[in-house]
Amino acid sequence: MKYINLLFQGLERIQNFRTSHPWLSFLSSRNPKPTVGVPENSQATEEIPGNFNWNYSAMSVFEKESEDKQNGEQERYLQANNREFNSLFGYPNNSIKTSKYNAFNFLPMNLFEQFQRLANAYFLFLLFLQLIPQISSLAWYTTVVPLMVVLSITAVKDAIDDVKRHQNDNQVNSRSVLLLMDGRIVTDKWMNVQVGDIIKLENNQVVTADILLLSSSEPYSLTYIETAELDGETNLKVKQAISVTSEMEDNLKLLSAFDGEVRCESPNNRLDRFTGILIYKGKNYVLDHDRLILRGCIIRNTDWCYGLVIFTGPDTKLMQNSGKSTFKRTHIDHLMNVLVLWIFLFLGSMCFVLAVGHCIWESKKGYYFQDFLPWKEYVSSSAVSAVLIFWSYFIILNTVVPISLYVSVEIIRLGNSFYINWDRRMFYELKNTPARACTTTLNEELGQVKYVFSDKTGTLTQNIMIFNKCSINGKFYGVVYDKNGQRVEVSEKTEKVDFSYNRLADPKFSFYDKTLVEAVKRGDRWVHLFFLSLSLCHTVIPEEKVEGELTYQAQSPDEGALVTAARNFGFVFRSRTSETIMVVEMGETRIYQLLAILDFNSVRKRMSVIVRTPEDRVMLFCKGADTILCHLLHPSCRSLRDVTMEHLDDFASDGLRTLIVAYRELDNAFFQDWSRKHSEAYLSLENREDKISMVCEEIEKDLMLLGATAIDDKLQDGVPETIITLNKAKIKIWVLTGDKQETAVNIAYACNIFEDEMDGMFIVEGKDDETVRQELRSAREKMKPESLLESDPVNSYLTTNPRMPFKIPEEMPNGNYGLIINGYSLAHALEGNLELELLRTACMCKGVICCRMTPLQKAQVVELVKRYKKVVTLAIGDGANDVSMIKAAHIGVGINGQEGMQAMLNSDYAFSQFRYLQRLLLVHGRWSYNRMCKFLSYFFYKNFAFTLVHFWYAFYSGFSAQTVYDTWFITFYNLVYTSLPVLGLSLFDQDVNETWSLRFPELYEPGQHNLYFNKKEFVKCLMHGIYSSLVLFFIPMGTVYNSVRSDGKEISDYQSFSMIVQTSLLCVVTVQIALETTYWTMISHIFTWGSLGFYFCILFFLYSDGLCLMFPNIFQFLGVARNTLNLPQMWLGIVLSVVLCMLPVIGYQFLKPLFWPVSVDKIIDRIHHCMRHPLPHPSRTKRKHASSQRSAYAFSHKQGFGALITSGKTMRAKMSKKNSFPFKK
């Protein structure tokens, strides 16, 4: 008690000093430091003198943060309970909006987005041309109808997607909230909350808006919150109301009369800072981020609290970090825009050549032939006629970019999206949630991903910590053996330990090694001391609303797991005060006097408690990282330490989080002397932290080793295997997390992002630009020394073109390396002069861990890679803090996890488990990419072959803009005759099935380099189309030239020739798609051969006597079908055309793997070999972690609850309100 009294006397001296110098409080609030405990500004330091110049001091803060100003708002001014006054400033309401459209802007915005596709703009231009009668060679409706269909289908699809977003927004905006109105609490919707309102929040409720805490049910108006949705951390944090408002408690009369005015900073995305003042009853009170509770937090361990709404809706820090919704388009969409430009140039050049040909022909022949073919009245010369013919051919040859291409693309994407939605292997039964494609425009992009940016908490892990194994006095516990003494793997069928002897045990806790329970029951001294240490050495805050139903609120989930383990094994931490700890030991209640808490920090990496036992013994219990505690042990523990270290190696090989537990019995006189030194150090005003640390080291030595614990930071099922598979597919994985470095690195090793066999690990932790630069350069020097030379291609380019945008090529390091960088260093590295250093260094590493990141920094890292690397990026996360990077990446994936729905609402694809990512990419993504590439190659080919026949025919028709084909064939070619076969190919084709796709991830690599459809492949399609058009024109012409039927009549008429050419064309493109198809289904056969058969059926119908006699101006090919189909010349022409067109294709497909093999060809050969000679499934091997990476125990990265506990502020004013029942022994 002497120590505690001295402590409070010192705190009172500090508070009195600050009270006499109130300006110190305000200045310290300008750069608030994050803290887990009670805010440093206590009640005595909140008030600012009335004559304090707010405009002079506070405005300097806002000027410093000018980058945070939005919409011209330099500071926020509001008054509590005064909606009329606050409405003058035009603050937004609390509704959120993730949708893109509304009823008024849908049509213009959607049309604007659709006409960003050059092809759509091209067809609109073409429509205007067709409205000019002098040049229109085709009816206007042949373009306007397909264009309307394309725009309508796309608009309907976009509308459906956006309606879903509206529904999700409405679901969030319509949540209920308790609102203080006219002196009473009413239930209203989130969307109706306004700035200046006072709202009531209850335990386990999500915070509605950014609120200033006014009062709460806890002593000193403390409120416990969980911020997992904001920063990914699951540890508990504490907020405290200022004293002047905490006195109102839950008195509705006082709260309704509260008219305080708040002046604060403008809306910004800084999660860890807030600056402002409260003006109330003529006095000013400092506000900082310790008083502000942000939207998205969850109230924990607090019955109720009241808050004043400061920021609403889009102004909240959660939404400020969400980023902007952008219209995402695939790389293939961008490529198609470029190719459309190429086609325009090609089309223009063809039209120019034909127009010149027409001018020459009219000058030399047409001019003298006007008696038979007179010129129109508006044609005055051959040059004028040539100009008109140019545009006529522009219309005729427009099918090189058929509008049906985009309809087909949308149908294909929609179909492949349904495959994702229907995939039963991506259905999570525990939550009854299927995978969901929230957008249908990015499917093929899934087959091209090179970089995956993943959150950690809730995405790679389950947010569940489990006490898995332990070592006590040299004995290993946690392994299960069968009757024969053979070790068995723990599964759902394994029998659990029976804790029925302990009525206070947690029913959700599971353990399988019965020998540990037997040791507890037989009273093993070391086992009892070990669990006593775990039940005492912590800063957990208990809650017991119903007798026997304990709930622990821990500053980190690891601590909660350890205290829960001690509870189940018979050492139940029941309650605490500022001076005592109550533990129920094997059914007996014992009270320990709490003498001191030596709290954890990131330097000490350990914590200790000093207690006086009921037997009046002074004991120190300590737990911490083995790298620290091993040097603090008593020499007599050397042999026990060696055994325990071996056990720690075993724990680490399983990827478990470890720490060592030790104790020391203290002499009473020694403790009293140490307590005096500690009090002096604590009360020191200079170098206080250093002095406290030195004093702690005096007592935390000569410790006796008790054992070690192993906590399983439970990964989601299949995460390590998924990451190994993705790495084999040459996909790089970066973990971007708000969590601390030790936790992130430990998870990186557990899930195989980092490996023990790596050649090096680089840690960037510089505090300034120059240090960060040196750390990045030294890492790059080790990975690729030549990258620092001036002769390096990238350096040379940067020297000559410092401001030109460019893409950095892939750089190969001389080994496997990993990079770790924290958010502070990252802030420097993301600046303009360092971002390329960061990017080049990180991209050479096999794995990258970025920790302590803000949501905005996550998006900046993704944008950095997008800006300088020609790759496809994917971001995956489960919380609101991941929304910004999900929106920034080419593809955003939301996990239906523990941190709310924000990630799913803003994602392109959503599912429940990280392991489903490999199916999304390696199966659905690869198939979608392959299908789309085959579709585009075939579609361009068949339309080049179809259209270019007109070009050759022009040389034989006086360049008169006469079409080769029947008008109905032109109409039906893309719409009917060739649509189903190509859709069958694009929806059902598989080069290998899903099993082989997952077993050989290397098959994914071609998509990353876009090998299957690019500019080179497009040129191949063009050359193939030109060659086929030559064959399709000249072979039929040769077969009918000067030919006669058996009755002596000529067959070289226009209509017969037209039918032979179009039939040959359909046969050629049908055989071509048959060669392209690698996976035949019944539907594929029906679509492919059925379409060809349908052509012959409809041929007889369109060329029938009845139609031609009824509509002679529309159906002009009377009797051509029956007269031409029985000609041997026709079938000869068809056979020759098919053979000559297919020979180069078959030859290329046969010779390419022999002379120009690529890695995929070799893998396909291996798959075919494996199908003939099946291989056994690969066995899973246990990974061993290096001892240097063993300890990564995740204490809180900030100061713990130690000072808060010893201050007594956690104790309720009236214990009887909470614990009215007696404790039983």
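Here goes a summary of the coordinates provided. Everything numeric here is computed off the predicted structure, so don't read it as measured data. (Residues numbered from 1 in each chain as written. Predicted model: local features only at pLDDT ≥ 70, side-chain atom pairs only at ≥ 80, totals over all residues. Heavy atoms only, no water.)

### Concerning the overall build of the protein chain
1) Next: Across its full length, the protein chain holds 44 helices and 36 strands.
2) Next: The 1225 residues of the protein chain split such that 58% are buried.
3) Next: Accessible surface for the protein chain amounts to roughly 51,800 Å². Of this, 57% is attributable to carbon and sulfur atoms. (Helix = DSSP H or I, 4+ residues; strand = E, 2+ residues; numbered from the N terminus. Buried < 20%, exposed > 50% of the residue type's maximum accessible area, 1.4 Å probe, protein only. Areas by Shrake-Rupley, 256 points an atom, 1.4 Å probe, with all protein chains shown as cover.)

### Brief notes about unusual backbone geometry
1) Next: Positive phi values are uncommon outside glycine, yet N473 reaches one of about 55°.
2) Next: The topology assignment puts N473 in the loop between strand 17 (461–472) and strand 18 (475–477).
3) Next: When its relative accessible area of 37% is taken as the criterion, N473 is described as partly exposed.
4) Next: Residues other than glycine seldom take positive phi values, yet R852 does so here, at roughly 55°.
5) Next: Mapping R852 onto the fold places it in the loop between strand 33 (847–851) and helix 28 (855–868).
6) Next: By relative accessible area, R852 is classed as partly exposed at 29%.

### A look at the environment of E229
1) Next: Relative to the helices and strands, E229 resides in helix 8 (residues 228–231).
2) Next: Overall, E229 belongs to the buried group, its relative accessible area being 13%.
3) Next: For the pair formed by E229 and G296, sequence separation is 67 residues and the distance between their alpha carbons is 5.9 Å.

### Quick word on the pairing of strand 2 (residues 75–79)
1) Next: For strand 2, a buried count of four out of five residues is recorded, marking the element as mostly surrounded by other parts of the structure.
2) Next: Sheet analysis places strand 2 next to strand 9 (residues 261–265), joined by five bridges and oriented antiparallel. Each bridged residue has a counterpart across the sheet, and for E75 the counterpart in strand 9 is E265. (Pairing = 2+ DSSP bridges.)

### Description of the sheet that holds strand 12 (residues 292–293)
1) Next: Taken in spatial order, the six strands make up an open sheet running 4-3-5-14-6-12, and their pairing is antiparallel. Sheet topology places strand 4 (184–189) and strand 12 at the edges, where each strand pairs with a single neighbour.
2) Next: Judged from the six bridges that link them, strand 6 (residues 210–216) and strand 14 (residues 304–311) form a sheet pairing that is antiparallel. Of the residues in strand 14, the one forming a bridge with L213 is G307.

### Remarks on helix 24 (residues 769–783)
1) Next: Helix length check: helix 24 (15 residues) gives 21 Å between terminal C-alpha atoms against 21 Å at 1.5 Å per residue, within 8%.
2) Next: Buried residues of helix 24: V772, L776, A779, R780 and M783, and no others. Down the axis of helix 24, the buried set is contained in an arc of 95°. They therefore lie on one face.
3) Next: Here the buried face of helix 24 lies against strand 31 (760–764), strand 32 (817–822), helix 26 (823–829) and helix 27 (835–843). (Expected span 1.5 Å × (residues − 1). Arc of directions from axis to C-beta. Contact = heavy atoms within 4.5 Å.)

### Details of helix 23 (residues 741–750)
1) Next: Most of helix 23 is tucked away, with eight of its 10 residues classed as buried.
2) Next: Restricting attention to buried positions, one finds in helix 23 the residues T743, A744, V745, N746, I747, A748, Y749 and A750.

### Some remarks on the pattern of salt bridges
Pairing of side chains with opposite charge becomes possible as their charged atoms draw close.
1) Next: Tallied over the entire structure, the rule returns 40 salt bridges.
2) Next: Among the ionic pairs, K730 bridges to E1005, the shortest N-O distance being 3.6 Å. In this pair, K730 is assigned in the loop between helix 22 (719–728) and strand 30 (732–736) and E1005 in helix 35 (residues 1005–1008), connecting sequence segments 275 residues apart. (Salt bridge = Lys/Arg side-chain N within 4 Å of Asp/Glu carboxyl O.)

### Here's the deal with the packing of aromatic side chains
1) Next: Within this structure, the stated rule accounts for 60 aromatic pairs.
2) Next: On the basis of an interplanar angle of 65° and a centroid distance of 5.6 Å, the ring pair of W304 and Y306 is categorised as edge-to-face. Judged on exposure class, the residue W304 and its partner Y306 are both buried.
3) Next: Against the face of Y77 rests R263, its NZ or CZ located 5.0 Å from the ring centre.
4) Next: Lying over the aromatic face of Y682, R688 brings its terminal NZ or CZ to 5.1 Å of the ring centre. (Phe/Tyr/Trp six-rings, centres within 6.5 Å; stacked < 30°, edge-to-face > 60°. Lys NZ or Arg CZ within 6 Å of the ring centre and 35° of its normal.)

### Examining a nonpolar patch on the surface
1) Next: The grouping of F352, V353, V356, I360, F955, Y956, L1030 and F1034 at the surface amounts to a nonpolar patch, some 720 Å² of accessible area in total.
2) Next: For the nonpolar patch, the elements supplying multiple residues, two or more each, are helix 12 (331–364) and helix 36 (1015–1040).
3) Next: It is helix 12 that contributes the most residues to the nonpolar patch, four residues altogether.
4) Next: Turning to its location among the elements, Y956 is positioned in the loop between helix 31 (916–954) and helix 32 (967–977). (Patch = residues over 30% accessible without salt bridge, like charges linked within 9 Å, V, L, I, M, F, W, Y side chains within 5 Å.)

### Things to note about the side chain of E410
1) Next: Note on placement: E410 falls in helix 14 (residues 404–422).
2) Next: With residues near it in sequence (within four places) discarded, E410 still touches R117, T154 and K157.

### Let's talk about the side chain of R931
1) Next: In this structure, R931 sits in helix 31.
2) Next: D989 is the oppositely charged side chain nearest to the buried, salt-bridge-free R931, at an N-O distance of 6.3 Å.
3) Next: Discounting chain neighbours no more than four positions away, the residues touching R931 are N416, Y419, L985, S986, L987, F988, D989 and Q990. (Lys, Arg positive; Asp, Glu negative; His and termini not counted.)

### A word on the environment of Y1004
1) Next: Checked against the element boundaries, Y1004 lands in the loop between helix 34 (994–999) and helix 35.
2) Next: Separated by 156 residues in the primary sequence, Y1004 and V1160 have C-alpha atoms spaced 8.7 Å apart.
3) Next: At 3.3 Å, the side chain of Y1004 forms a polar contact with the backbone nitrogen of Q448.
4) Next: Here the side chain of Y1004 touches V449 through a polar contact of 2.9 Å, landing on its backbone nitrogen. (Polar contact = N/O pair within 3.5 Å; in protein donor to acceptor, adjacent residues only side chain to side chain.)

### Digging into the pairing of strand 29 (residues 704–715)
1) Next: Counting buried residues along strand 29, 10 of its 12 residues qualify, which places the element largely inside the surrounding structure.
2) Next: Direction of pairing for strand 17 relative to strand 29: antiparallel, over a ladder of eight bridges. The residue of strand 29 that forms the bridge with F467 is I711.
3) Next: The pairing of strand 28 (residues 657–666) with strand 29 spans seven bridges and is antiparallel.

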